[in-house]
Amino acid sequence: MEFIDLKAQYECIHADVTRRIVDVMKSGHFILSDEVDLFEKKIAKYVGRKYAVACGNGTEALQLIYMAYGLGSGDAVFCPDMTFIASIEPAVMLGVHPVFCDIDLRNYNLDPVCLETKIEEVLREGKYMPKAIIAVDFLGHPFDVVKISDIAQKYGLILIEDAAQGIGAQFGSKKCGSFGDISATSFFPTKPLGCYGDGGAVFTDNEEIYGILKSLRVHGKGKNKYDNIRIGMNSRLDSIQAAVLLSKLQVFDEEIEKRQNIAKRYDEALGKYLKIPSVCTGCKSSYAQYVVMASDIERREQLVQILKENEIPTIYYYPTPMHRLPVFRYLNTADEDYQNTLQYSNTAFGIPFSPYLANEDQKKVIDVMVHTLERCG
Ligand SMILES: *Cc1c(COP(=O)(O)O)cnc(C)c1O
């Protein structure tokens with residue numbers, strides 16, 4: 001059984017996607033071509049932003065954002081303690097001081113109360129200037145847009161949305177990728193909208209920032225790429241990846257609906273034994289991962305072991321909170337009390353999930369889990 005079944009997806013789209021890839025090869029234009037322009041227009045419209053800037057991957061999308069807003073040494077950026085390091089890594093590379101905030105155990109996203117406490121702490125200490133919040137749509141669940149936006153406004157902070165896992169999800173009628181001042185996403189193959197290699201994009205409504213981003217992704221170009229007016233990067237999307245994404249975008253809404261149905265089946269079967277994903281009223285998750293929480297660490301090990309014996313893959317997503325990562329030892333946060341991220345990282349695990357998860361495979365996962373949980377309580 002596949003953890004995320006990309007082969008089944010390819011079976012569904014192969015005629016269209018192959019034709020589009022062949023067309024790119026015939027055109028001889030491989031980077032930032034008409035395909036990329038068209039994809040940028042379509043994906044911007046899809047998420048509900050004025051502009052999209054396609055780039056090399058999700059990490060570089062975030063780096064382009066941190067660079068466009070001129071973040072660097074002396075600045076503090078607030079980041080959820082449970083996320084992928086790429087949310088904050090490019091900021092740290094630019095000299096930013098990262099501040100980790102505990103998560104809310106309802107949606108595993110940035111906890112507004114902890115966020116505000118941390119901002120106040122940094123202000124009191126006076127060593128770093130609070131500049132931005134990076135809010136993540138963790139596992140595909142939108143972050144608490146209303147409360148986090150209010151806090152950003154109250155303290156005059158830039159709100160950046162890391163929608164790498166959130167494309168396709170919604171908060172009310174608005175789509176993930178459209179929140180905060182600016183947002184980033186990733187098209188890594190296993191993300192909800194993935195290509196056949198690396199890819200990413202930045203979304204903004206701000207025309208000036210849009211211009212800066214387009215310059216930054218091509219070596220800080222001015223009038224042309226040999227008229228360099230700032231230090232930038234080489235971060236562009238290939239035409240072949242844009243062709244793949246244009247093809248996948250056609251079936252994306254259908255896939256998001258399939259994800260809802262599969263999640264519902266898991267919810268109904270597992271909800272009485274385990275903590276299942278909770279989606280806030282008026283929200284829709286993209287279920288980038290379907291993650292459950294066991295009652296304690298031993299129970300998790302037992303379940304994962306039995307699933308493994310039945311050839312069912314699982315994942316710890318993610319095993320280590322940011323404040324405990326070796327790379328952040330210099331912050332001296334390892335012994336701090338991040339109760340919720342610790343509980344999450346000790347007891348949560350992901351089970352096979354994709355829009356193409358076969359009925360019989362899902363039934364097998366459910367049967368093995370329910371059998372184990374009934375037997376062991
Ligand atoms: C995947 C991911 C990224 C980075 O995307 P890449 O395309 O792999 O560079 C950033 N943030 C989060 C939350 C992610 O899941």
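As a reminder, the structure under discussion sits directly above these lines.
Positions within a chain are numbered from 1, following the residues in the order the chain's sequence is written. Thresholds applied to this predicted model are a pLDDT of at least 70 for local features of residues and 80 or more for the giving and counting of side-chain atom pairs; totals over whole chains, interfaces and linings are not thresholded and use all residues. Side-chain numbers come from the whole structure's heavy atoms, not from hydrogens or water.

Enquirer: How would you summarise the state of the cysteines if you had to cite specific residues and measurements?
Expert: Two cysteine sulfurs form a disulfide in these notes if their separation is within 2.5 Å. Scanning the model with the defined rule gives one disulfide in all. A disulfide bridge connects Cys280 with Cys283, and the sulfur atoms are separated by 2.1 Å. On the sign convention where negative means left-handed, the S-S torsion of about -80° between Cys280 and Cys283 marks this disulfide as left-handed. When a residue's accessible area, from a 1.4 Å probe over protein chains only, is under 20% of the maximum for its type it is buried; when over 50% it is exposed; and in between it is partly exposed. With a relative accessible area of 16%, Cys283 lands in the buried category. Cysteine Cys176 shares no disulfide, and the gap to the nearest cysteine sulfur, in Cys283, comes to 8.1 Å. Accessibility expressed as a relative area gives 1% for Cys176, which makes it buried. Between Cys195, a free cysteine, and Cys55, which holds the nearest cysteine sulfur, the sulfur-to-sulfur gap is 11 Å.

Enquirer: Explain the site of the ligand residue by residue, including any values.
Expert: We call a residue near a molecule or strand when any one of its heavy atoms sits within 4 Å of it. Within the structure, the ligand sits among 14 residues, and Thr59, Asp162, Gln165, Ser186 and Lys191 are positioned closest to it. Polar contact criterion, stated in full: a pair of N or O atoms within 3.5 Å, where within protein one must be able to donate a hydrogen and the other to accept it, and residues adjacent in sequence count only if both atoms are side-chain atoms. Interatomic distance of 2.7 Å between a side-chain N/O atom of Gln165 and an oxygen atom of the ligand. One nitrogen or oxygen atom from the side chain of Lys191 is found 2.7 Å from an oxygen atom belonging to the ligand. Considered class by class, the residues forming the shell around the ligand number five nonpolar, seven polar and two charged. Under this grouping Gly is polar, as are all residues other than the nonpolar Ala, Val, Leu, Ile, Met, Phe, Trp, Tyr, Cys and Pro and the charged Asp, Glu, Lys and Arg.

Enquirer: Could you give me a rundown of the pattern of salt bridges, with the residues and numbers involved?
Expert: A pairing counts as a salt bridge when a side-chain nitrogen of Lys or Arg comes within 4 Å of a carboxyl oxygen of Asp or Glu. All chains considered together, the criterion is met by 15 salt bridges. Among the salt bridges present, the one from Arg106 reaches Asp104, with a minimum N-O distance of 2.8 Å. Arg106 sits in the exposed class, given a relative accessible area of 56%. Overall, Asp104 belongs to the buried group, its relative accessible area being 13%. Notably, a salt bridge pairs Glu301 with Arg300, separated by 3.4 Å at the nearest N-O pair.

Enquirer: Can you break down empty space enclosed by the protein residue by residue, with the values?
Expert: Cavities and pockets are defined on a 1 Å grid built over the protein atoms alone: a cavity is a set of grid points where a 1.4 Å probe fits but cannot escape, while a pocket is an open set with protein on both sides within 12 Å along at least five of seven lines, and lining residues are those with an atom within 4 Å of any such point. Grid points are joined across faces, edges and corners, and a volume is the space filled by probe spheres set on the points. Inspection of the entire model under this criterion finds one cavity of 30 Å³ or more. Looking at the largest cavity, its volume works out to about 120 Å³. Surrounding the largest cavity, 17 residues form its lining, Ile4, Leu6, Lys191, Arg259 and Pro355 being those nearest its centre. Counting from the N terminus, the helices are the DSSP runs of H or I reaching at least four residues and the strands are the DSSP runs of E reaching at least two. Contributing elements (two or more residues each) for the lining of the largest cavity: helix H1 (6–27) and helix H8 (239–270). Considering each element in turn, the lining of the largest cavity owes the most residues, three residues, to H8. Class assignment for the residues of the lining of the largest cavity results in eight nonpolar, four polar and five charged.

Enquirer: Kindly report on the nonpolar core, identifying the contributing residues and their values.
Expert: Within this scheme, the nonpolar core is defined by two criteria: the residues are buried Ala, Val, Leu, Ile, Met, Phe, Trp, Tyr or Cys, and they are joined through side-chain atoms within 4.5 Å. In this structure, Tyr66, Ile88 and Ile160 are the most contacted members of the largest nonpolar core, which totals 34 residues. Of all the secondary structure elements, the ones that give two or more residues to this core are strand E1 (51–55), helix H3 (58–68), strand E2 (75–80), strand E4 (129–136), strand E5 (158–162), strand E8 (182–186) and helix H7 (207–216). By residue number, the principal contributor to this core is H3, which donates six residues. Not counting residues within four places of it along the chain, the set of residues in contact with Ile160 comprises Leu62, Ile65, Tyr66, Ala132, Ile133, Ile134, Ala135 and Ile182. Counting 28 residues, the second largest nonpolar core, distinct from the first, contains Val17, Phe39, Phe187 and Val251. Contacts are assigned to residue pairs with any non-hydrogen atoms lying within 4.5 Å of each other.

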